[in-house]
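# Structural overview
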Amino acid sequence: KMEAVSVQSCGRSGGIVLTDNWPGYSLDLFCYPAHYSGDLDCVFIPHGMIMDRTERLARNIMDELGDNDIVVLCVLKGGYQFCADLVDRIKALSHNSQRSIPMRVHFIRLKSYLNDCSTEDLHIVGAEDLSFLAGKNVLIVEAIVGTGKTMKALLEHVQAFRPQMIKVAALLVKRVSNTWAYLPDYVGFEIPDRFVVGYALDYNEYFRDLNHICAISEAAKMKYKI
């Protein structure tokens, strides 16, 4: 049985909490690409649950940011699916509400992982000149926040272009114990410190084609290691 609770921190939702002993769902209960047979331990978060939680986040964003023009900064590559689904749901809510959020979407890419380890070497691509953000309301959309070090570096970079407001939406936040801990404004799920793939999250460019978020097996880490 999954233990999941809603938590609040500084007036912001910490999302659905998956406890450290959460075993995930058996792979036999779901469909997934046959070419990943033996590469996965379990389905950590099913696709349907991701979509329901994304809709709730879209409603939260509408409630707080409705009637504001927003520039969405989609963090590639892992964030593209979450960003696309989140923007689609915000648009659907806007079409059926007296409140609406005019949105522009800009793409940037961050790279700080080698295999399953975060490195000190952070690359930001597509964010060299963000002068168009001056005076704008910015929503950064990221798939996963771990130590928070990468996100803090990105926030400092974006703040240098003097936007009016910055909010961060992350589908996943990992529980890690260090001084870099960071809580986004909108969180889908809080998860244990495990390496997960799927729903555009990768391991060395593999597993982006999984619909579910899954725990990768140790054998797969060796199989796809570079």
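In what follows, the structure referred to is the one given above.
Structural notes, computed from the coordinates. Note that the structure is a prediction, hence the values are computed from the model and not measured.

### Concerning the environment of Asp 67
Positionally, Asp 67 belongs in the loop between helix H1 (47-65) and strand E4 (70-76). Assessed through its relative accessible area of 52%, Asp 67 is described here as exposed. In this structure, the C-alpha to C-alpha distance between Asp 67 and Pro 102, residues 35 residues apart in sequence, is 7.7 Å. Discounting residues that sit within four places of it in the chain, Asp 67 has contacts with Arg 99, Ser 100 and Ile 101.

### Here's the deal with the pattern of salt bridges
A complete count under the given rule lists 12 salt bridges for this structure. Put simply, Lys 223 and Asp 39 hold a salt bridge, and the shortest N to O gap is 3.6 Å. Of this pair, Lys 223 sits in helix H4 (residues 218-223) while Asp 39 sits in the loop between strand E2 (12-17) and strand E3 (40-45), and the two are 184 residues apart along the sequence. When the shortest N-O distance is used, the salt bridge between Arg 194 and Asp 41 registers 4.0 Å. Of this pair, Arg 194 sits in the loop between strand E9 (186-191) and strand E10 (196-197) while Asp 41 sits in strand E3, and the two are 153 residues apart along the sequence. Relative accessible area serves as the criterion here: at 28%, Arg 194 is assigned to the partly exposed category. Each of Lys 77, Arg 109, Asp 202, Glu 205 and Arg 208 takes part in salt bridges that share partners, so that together they form one network.

### Structural notes on the pairing of strand E11 (residues 213-216)
Bridging between E3 and E11 involves 4 bridges; their strand directions are antiparallel. The residue of E11 that forms the bridge with Ile 45 is Ile 213. Relative to E11, E10 runs antiparallel, the two sharing 2 bridges. By the bridge assignment for E11, Val 196 is matched with Ala 215.

### Section: H1
The first and last C-alpha atoms of H1 sit 26 Å apart over 19 residues, in line with the 27 Å expected at 1.5 Å per residue. Looking at H1, one finds that the buried residues are Ile 50, Met 51, Arg 53, Thr 54, Leu 57, Ala 58, Ile 61, Met 62 and Leu 65. A positive phi of about 80 degrees marks Asp 67, the residue just after H1.

### Quick look at the packing of aromatic side chains
Per the stated rule, a full pass over the model turns up 6 aromatic pairs. On the basis of an interplanar angle of 80 degrees and a centroid distance of 5.1 Å, the ring pair of Trp 22 and Tyr 25 is categorised as edge-to-face. What makes Trp 22 buried here is its relative accessible area of 5%. Every member of this aromatic cluster is reached through a ring pair, and the members are Tyr 36, Tyr 206, Phe 207 and Tyr 224.

### Things to note about the packing of H1 against helix H2 (residues 80-95)
Packed helices, taken two at a time, are described by the angle their axes make and the gap between the axes. Running from N to C, H1 and H2 cross one another at 55 degrees; their axes reach a closest spacing of 9 Å. Our classification of the angle between H1 and H2 gives oblique. Relative to H2, the crossing made by H1 is right-handed. Contact residues: Met 51, Thr 54, Glu 55, Leu 57, Ala 58, Arg 59, Ile 61 and Met 62 in H1; Phe 82, Asp 85, Leu 86, Arg 89, Ile 90, Leu 93 and Ser 94 in H2. When the residues that make up the contact of H1 with H2 are grouped by side-chain class, the tally is 9 nonpolar, 2 polar and 4 charged.

### Describing the nonpolar core
Within the largest apolar cluster, 36 residues are counted, with the highest numbers of intra-cluster contacts made by Phe 44, Ile 45, Leu 86, Leu 172 and Ile 213. Those elements that place two or more of their residues in this core are E3, H1, E4, H2, strand E7 (137-145), strand E8 (165-174), E9 and E11. No other element matches the 7 residues that H1 contributes to this core. Ignoring any residue separated from it by four or fewer positions in sequence, one finds Phe 44 in contact with Leu 18, Trp 22, Tyr 25, Ile 191, Pro 192, Arg 194, Val 196, Ile 213, Cys 214 and Ala 215.

Calculation rules
- Sequence order as written defines the numbering, with residues in each chain counted from 1.
- For a predicted model such as this one, the threshold for reporting local features is a pLDDT of at least 70, and the threshold for listing and counting side-chain atom pairs is 80 or more; totals across whole chains, interfaces and linings nevertheless cover every residue.
- Based on all heavy atoms of the structure, the side-chain values leave hydrogens and waters out of the count.
- Only DSSP runs of H or I reaching four residues or more are called helices, and only runs of E reaching two or more are called strands; each is numbered from the N terminus.
- For every residue, the accessible area obtained with a 1.4 Å probe (protein chains only) is divided by the maximum for its type, and the residue is called buried under 20%, exposed over 50%, and partly exposed between those limits.
- By definition, residues are in contact when any of their heavy atoms lie within 4.5 Å.
- Salt bridges are defined as contacts in which a side-chain nitrogen from Lys or Arg sits within 4 Å of a carboxyl oxygen from Asp or Glu.
- Two strands qualify as a pair provided DSSP detects at least 2 bridges between them.
- By definition here, a helix of n residues has an expected span of 1.5 Å times n minus one.
- Working definition: rings of Phe, Tyr and Trp (its six-membered ring) pair if their centres are within 6.5 Å, and the pair is stacked with planes under 30 degrees apart, edge-to-face with planes over 60 apart, and tilted otherwise.
- Axis lines are fitted through C-alpha atoms, for helices just across the contact stretch, and the angle between N-to-C directions can take any value from 0 to 180 degrees.
- An angle below 35 degrees is treated as roughly parallel, one above 145 as roughly antiparallel, one from 65 to 115 as roughly perpendicular, and anything else as oblique.
- It is the rotation of the near helix from the far one that decides the hand of a crossing: anticlockwise by less than a right angle makes it left-handed, clockwise makes it right-handed.
- Each residue is assigned to one class: nonpolar for Ala, Val, Leu, Ile, Met, Phe, Trp, Tyr, Cys and Pro, charged for Asp, Glu, Lys and Arg, and polar for all the others, Gly among them.
- Definition used in this section: a nonpolar core is a set of buried Ala, Val, Leu, Ile, Met, Phe, Trp, Tyr and Cys residues joined via side-chain atoms within 4.5 Å.

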